[in-house]
Amino acid sequence: MSSLTLREHLVERWVTSLRHELLLDRLAVPIVLAPLAGGPSTPELTAAVSNAGGFGFLAAGYLAASALAERLERTRTLAERLERTRTLTDAPIGVNLFIPGTSAPPQAVDAYAARLADDARQAGVELGAARFDDDDWAAKLELLMATPVAVVSFVFGCPEPEVIDRFHDAGSEVWVTVTRPDEARRAVDAGADALVVQGAEAGGHRASFRDDPAADVIGGIGLLSLLQLVRAEADIPLVATGGIATGAAIAAVLAAGAAAAQLGTAFLRCPEAGTAAVYRQALADNAPTAMTRAFTGRLARGIRNRFLDRYSAAAPAAYPELHHLTAPLRQAGRAAGDPGLVNLWAGQTYELGHQLPAGQLVRTLAEEARAALQHAGDRLSPPAGGLGEEVGSAGPAPRSPS
Ligand SMILES: Cc1cc2nc3c(=O)[nH]c(=O)nc-3n(C[C@H](O)[C@H](O)[C@H](O)COP(=O)(O)O)c2cc1C
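Conventions we followed
Residues numbered from 1 in each chain as written. Predicted model: local features only at pLDDT ≥ 70, side-chain atom pairs only at ≥ 80, totals over all residues. Heavy atoms only, no water. Pairing = 2+ DSSP bridges. Helix = DSSP H or I, 4+ residues; strand = E, 2+ residues; numbered from the N terminus. Near = heavy atom within 4 Å. Polar contact = N/O pair within 3.5 Å; in protein donor to acceptor, adjacent residues only side chain to side chain. 1 Å grid on protein atoms, 1.4 Å probe; cavity = no way out; pocket = protein on both sides within 12 Å on 5 of 7 lines; lining within 4 Å. Points joined across faces, edges and corners; volume = space filled by probe spheres on them. Nonpolar A, V, L, I, M, F, W, Y, C, P; charged D, E, K, R; others polar. Expected span 1.5 Å × (residues − 1). Bend = angle between axes of the 7 residues up to and from the residue. Buried < 20%, exposed > 50% of the residue type's maximum accessible area, 1.4 Å probe, protein only. Contact = heavy atoms within 4.5 Å. Phe/Tyr/Trp six-rings, centres within 6.5 Å; stacked < 30°, edge-to-face > 60°. Axes fitted to C-alpha atoms, helices over the stretch in contact; angles between N-to-C directions. Salt bridge = Lys/Arg side-chain N within 4 Å of Asp/Glu carboxyl O. Parallel < 35°, antiparallel > 145°, perpendicular 65-115°, else oblique.

Give me the sheet that holds strand E7 (residues 204-205): which residues, what numbers.
Pairing is antiparallel across the open sheet formed by three strands, whose spatial order is E7-E11-E10. At either end of the open sheet lies a strand with only one pairing partner, and these are E7 and strand E10 (289-292). With four bridges joining them, E10 and strand E11 (residues 300-303) adopt antiparallel strand pairing. By the bridge assignment, Thr292 is partnered in E11 with Ala300.

So, the site of the ligand: which residues are in play, and what are the values?
Near the ligand you find 21 residues, and of these Pro35, Asn96, Gly243, Gly264 and Thr265 are the closest. Note that an oxygen atom of the ligand is positioned 3.1 Å from one of the side-chain N or O atoms of Gln198. Gln262 places a side-chain nitrogen or oxygen 3.2 Å from an oxygen atom of the ligand. Elements with a minimum of two residues in the shell around the ligand: strand E3 (93-98) and strand E9 (260-263).

Can you explain empty space enclosed by the protein? Please cite residues and give values.
Following the criterion strictly, the structure yields one cavity of 30 Å³ or more and no others. In terms of lining residues, the largest cavity is bounded by Thr179, Gln198, Gly199, Ala200, Ala202, Gly203, Gly204, His205, Arg206 and Met291. Its residues assigned to classes, the lining of the largest cavity shows three nonpolar, six polar and one charged.

Describe helix H13 (residues 321-336), and please don't skip the residues or the numbers.
Taking 1.5 Å per residue, 16 residues should reach 22 Å; H13 reaches 24 Å between its end C-alpha atoms and fits that length. The sharpest bend along H13 comes to roughly 45°, located at Ala327, with the proline Pro328 sitting one to four residues further on. Within H13 the residues assigned to the buried category are Glu321, Leu322, His323, His324, Leu325, Thr326, Leu329, Arg330, Ala332 and Gly333. Residues of H13 that are buried sit in contact with helix H5 (106-123) and helix H12 (306-311). Positioned one or two residues after H13, Gly337 has a phi angle of 70°, which is positive.

Any chance you could break down the packing of aromatic side chains for me, citing the residues and the numbers?
Taken as a whole, this structure holds twelve aromatic pairs when the rule is applied. With a centroid separation of 5.5 Å and 70° between ring planes, the pair formed by Phe57 and Trp175 is classed as edge-to-face. Of this pair, Phe57 sits in strand E2 (residues 55-59) while Trp175 sits in strand E5 (residues 173-178), and the two are 118 residues apart along the sequence. Side by side, Phe57 and Trp175 carry an identical accessibility label, which is buried. Here the aromatic rings of Phe295 and Trp345 are separated by 5.8 Å at their centres, their planes lie at 85°, and the arrangement is edge-to-face. Separated by 50 residues along the polypeptide, Phe295 in the loop between E10 and E11 and Trp345 in the loop between H13 and helix H14 (358-380) bring together distant segments of the chain. For the pair Phe295 and Trp345, a shared accessibility class is recorded, and that class is buried. Ring-pair connections join several aromatic residues into one group, and the members of that group are Tyr112, Phe295, Phe307, Tyr311 and Trp345.

Kindly report on the sheet that holds strand E6 (residues 194-198), identifying the contributing residues and their values.
Here we have eight strands rolled up into a closed barrel, ordered E1-E2-E3-E4-E5-E6-E8-E9, and parallel in their pairing. Here the strands of the sheet are splayed against their neighbours by 25° on average, with no regard to which way each runs. When strand E8 (residues 238-241) meets E9, the two strands line up parallel, connected through three bridges. Paired with Thr241 across the strands is Gln262, a residue of E9. This element, helix H8 (residues 181-190), spans E5 and E6 of the sheet and lies at about 165° to E5. Strands strand E1 (31-33), E8 and E9 of the sheet are contacted by helix H10 (residues 247-255), whose axis makes an angle of about 135° with E9.

Describe in detail the pattern of salt bridges, supporting the description with residues and values.
Across all of its chains, the model carries 15 salt bridges by this definition. Note that Glu233 and Arg185 form a salt bridge whose closest N and O atoms lie 2.8 Å from each other. Residue Glu233 is located in the loop between helix H9 (223-231) and E8, and its partner Arg185 is located in helix H8; the two are separated by 48 residues in the primary sequence. Since its relative accessible area comes to 35%, Glu233 is described here as partly exposed. Residues joined by salt bridges that share partners form a network here, namely Asp211, Asp216 and Arg293.

Would you mind going over the packing of H5 against H13 in detail, with residue names and values included?
Direction vectors running N to C along H5 and H13 enclose 10°, while the axes themselves pass 10 Å from each other. Between H5 and H13, the angle is such that the two are roughly parallel. Residues Val109, Tyr112, Ala113, Leu116, Asp119, Ala120 and Ala123 of H5 lie in contact with H13, whose contacting residues are Glu321, Leu322, Leu325, Thr326, Leu329 and Ala332. Considering only residue class, the contact of H5 with H13 consists of ten nonpolar, one polar and two charged.

Okay, here's the thing in structure tokens:
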């Protein structure tokens, strides 16, 4: 943007947007598989959703660039091998990146580590080194510039306009996840093509640009409220996410103006997902969910369990330090089949999830959504024989005074 004025830059963007049809306009089914970092995301799951006419994301969070390159290659191979029912010209998959944050005060991390010592001893593991890192940010950017995907989405912040421009030059769309109207404004100003609007119902990490414990008292904004608030600020396509588990909920967000629905938890029980056995079991139960920083140092929604209840009040905002610190404990819980130690990320409607192959789930949800929209439309249709009055005349004419 350096040599252009802001106005020239905006005009250039507007012209570019006119030239390109967005991926969301071409989707056969407006259902997006959320990136599911930390185990559940697999090339098989991503390819299955894209092949069913939806759009699959591959999670790049926690992966080194070299591991991401391998998974990308496998996803592309799988997607090409599968019979395609659509006429997309590009490889229709997305990759999701974490925007790096800043390191936390070591004293807060050390104090938290001391509290976990007993649990580590009981589980027979040493706590991990609570280090800060940037999730291999620069190397992943270079990889995705060199081998572009259809969409790169971002969470935990908004990339610089220069980064977004580079992705556009490489042929990728950029989606930014937002949790508040002011974040939406920033993402639009930076040049995002679409916004992933994450409601407070969502499973996994809250996508906020800044994880601020002082804001916890406000709570998050629910999806339907947030869609309306963001629509008032942003005139670009919206992808709704958070607590969507049924076709009726997909219909609801489409009716509220979203171009597609992004589902995370609903796919966790699919056979193609890499969800651990102990996690699958918890998803088949009905314990409540809650927000916590106890596992990773960043606010996230998971099913309440022993670790969450014991440590949520003490956990500081220190991501990714706490993520690394608790990793051996979580791994021990998965290995021993102890759900009390595992981060069981799940949205508020997780109990409605099904154990179906991902392609079948996409098709079933799409059918249900069509039926729900039809039903909703019928509720608004004029009765047989018409309204009997002109639209706009509200009720009987006022009686003239006698
Ligand atoms: C296990 C799990 C992992 C997730 N990982 C990511 C991720 O890597 N990047 C991201 O942007 N969102 C991630 N999310 C959040 C989803 O993008 C989405 O906002 C959320 O799943 C929507 O709520 P739902 O789970 O009720 O469908 C994750 C969610 C879950 C449940």
